[in-house]
Amino acid sequence: MDPVNNSRVAEFVLLGLSSSWELQYFFFMLFNLLYVTIVLGNLLIVLTVISEPALHTPMYIMLSNLSVLDVFLATYATPKMIHDFLYEPKTISFEGCMAQIFLLHVFAGGEMMLLAAMAYDRYVAICKPLHYATIMNLCKCTGLVVGSWVIGVMHALSQLAFTVNLSFCGPNIVDSYYCDLTLVIKLACTDPYVPEVLMLLDSGLMGVTSFVLLLISYAVILVTVRQRSSVHMAKARSTLTAHIIVVTLFFGPCIFIYAWPFSNFPVDKVLSVFSTVFTPILNPIIYTLRNKEVKSAMYKLKTKYVNSRLLSQLSLSRLDLLS
Ligand SMILES: *[C@@H]1O[C@H](CO)[C@@H](O)[C@H](O)[C@H]1NC(C)=O
């Protein structure tokens, strides 16, 4: 009944990655560079897949959808972090904080589901090659992509449903560079035990189950690949290795942060940077440097673009001569 106790905090203070000025200048440059690389690299993948008809297969369509998700995953918090390295005060409004929590869970949940869908696609392609065309068609692929988004949104809504109703009246300092649910939930005035258990069940269970399913499907695929050894299988093995690297680097930090939410380790901040900055950058690096089809499609794109520019410049200079 006390009005002071009932007043809700209007904003949260983000402590960021570091309090030293030199380090913040360094991080400002570093993360600017990383962010631009993430956006350009992933847009290049999307452009390549869209412009090359040979890449209009479920695997590449899901890959370019993963690139879109990566850009979103890098955008919900990183630009604000980059801004906050140089400017005070490092605050975020209550609504902004809830929006960050919501978006993080939509994009991370969607990415987990899409990675699972991509593993399923590889499972069908490698273990049931004769039935691939009938099992995985473009229509089913659309269903898997849309399904990933729907599950991501539903998961985020369920997390937000019990977070917005908590009362935040006291401390408002979040020791990270964005509003992470595991940290924000600890600031609630009510006993955070029940919400923490709900969060653990919701995020932890989702992360751990999809990770275990992914590991099982990759294990089945690897066993199948080992039994048949041919040139074709060597290619499958290199695709698989790329998938496994991405999956481990994405899930590892998520599971570490969410499966031990009751204690706050200092490494949590570093791990958050991993899933919001390094995973989105790894995707283009791993898929473009390792994949011949993507590389040759990019080469084609470049030749097309450069040639058309050369031609237009040539015709321009010819016009100059004529006039
Ligand atoms: C994402 O997937 C949908 C459904 O399969 C597809 O129509 C769309 O072109 C994909 N988006 C990108 C950017 O590849």
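Since we're looking at a predicted model, the values are computed, not measured.

Some words on the overall build of the chain
Looking only at helices and strands, one finds twelve helices and three strands in the chain. The burial tally for the chain puts 46% of its 323 residues in the buried class. Partitioning the intrachain contacts of the chain with sequence separation of at least 6 by distance along the chain shows that 79% fall at a separation of at least 24. Accessible area of the chain: about 16,600 Å², with a carbon and sulfur share of 72%.

With respect to the site of the ligand
Around the ligand, the neighbouring residues are Val46, Ile61, Ser64, Asn65, Val68, Cys141, Thr142 and Val145. Side-chain polar atom of asparagine 65 to an oxygen atom of the ligand: 2.3 Å apart, as the coordinates give it. Look at the ligand: alone it shows 360 Å² of surface, and the protein chains cover 65% of it. If you list the elements that add at least two residues to the shell around the ligand, you get helix H3 (58–75) and helix H7 (138–163). The element that contributes the greatest number of residues to the shell around the ligand is H3, accounting for four residues. Along the lines of polarity and charge, the residues of the shell around the ligand split into five nonpolar, three polar and no charged.

As for the UniProt feature "transmembrane region" (unreviewed entry) in the chain
In the numbering used here, UniProt assigns the "transmembrane region" (unreviewed entry) feature to residues 25–47, 59–78, 98–120, 141–162, 205–225, 237–258 and 270–289. Helix makes up 100% of residues 25–47 and strand 0%, and the two end C-alpha atoms of the span are 33 Å apart. The span residues 237–258 is 100% helix and 0% strand, and its two end C-alpha atoms sit 31 Å from each other.

Description of the sheet that holds strand E1 (residues 11–14)
Read across the sheet, three strands follow the order E2-E1-E3 without closing on themselves; strand pairing throughout is mixed. Both outer strands of the open sheet, strand E2 (91–93) and strand E3 (173–174), are each paired with one neighbouring strand and no more. Bridge analysis of E1 against E3 gives two bridges, and the strand direction is parallel. Looking across to E3, one finds that valine 13 is bridged to isoleucine 173.

Overview of the pattern of salt bridges
In the structure shown here, the tally under the stated rule is five salt bridges. With its nearest N and O atoms 2.9 Å apart, the salt bridge here joins aspartate 121 to arginine 122. With a shortest N-O distance of 3.7 Å, lysine 186 and glutamate 196 are connected by a salt bridge. With lysine 186 in the loop between helix H8 (181–184) and helix H9 (193–227) and glutamate 196 in helix H9, the pair connects residues that are ten residues apart, well separated along the chain. Assessed through its relative accessible area of 32%, lysine 186 is described here as partly exposed.

Procedures and definitions
- Residues numbered from 1 in each chain as written.
- Predicted model: local features only at pLDDT ≥ 70, side-chain atom pairs only at ≥ 80, totals over all residues.
- Heavy atoms only, no water.
- Helix = DSSP H or I, 4+ residues; strand = E, 2+ residues; numbered from the N terminus.
- Buried < 20%, exposed > 50% of the residue type's maximum accessible area, 1.4 Å probe, protein only.
- Contact = heavy atoms within 4.5 Å.
- Areas by Shrake-Rupley, 256 points an atom, 1.4 Å probe, with all protein chains shown as cover.
- Near = heavy atom within 4 Å.
- Polar contact = N/O pair within 3.5 Å; in protein donor to acceptor, adjacent residues only side chain to side chain.
- Nonpolar A, V, L, I, M, F, W, Y, C, P; charged D, E, K, R; others polar.
- UniProt positions renumbered as here; feature names shortened; annotations may be inferred.
- Pairing = 2+ DSSP bridges.
- Salt bridge = Lys/Arg side-chain N within 4 Å of Asp/Glu carboxyl O.

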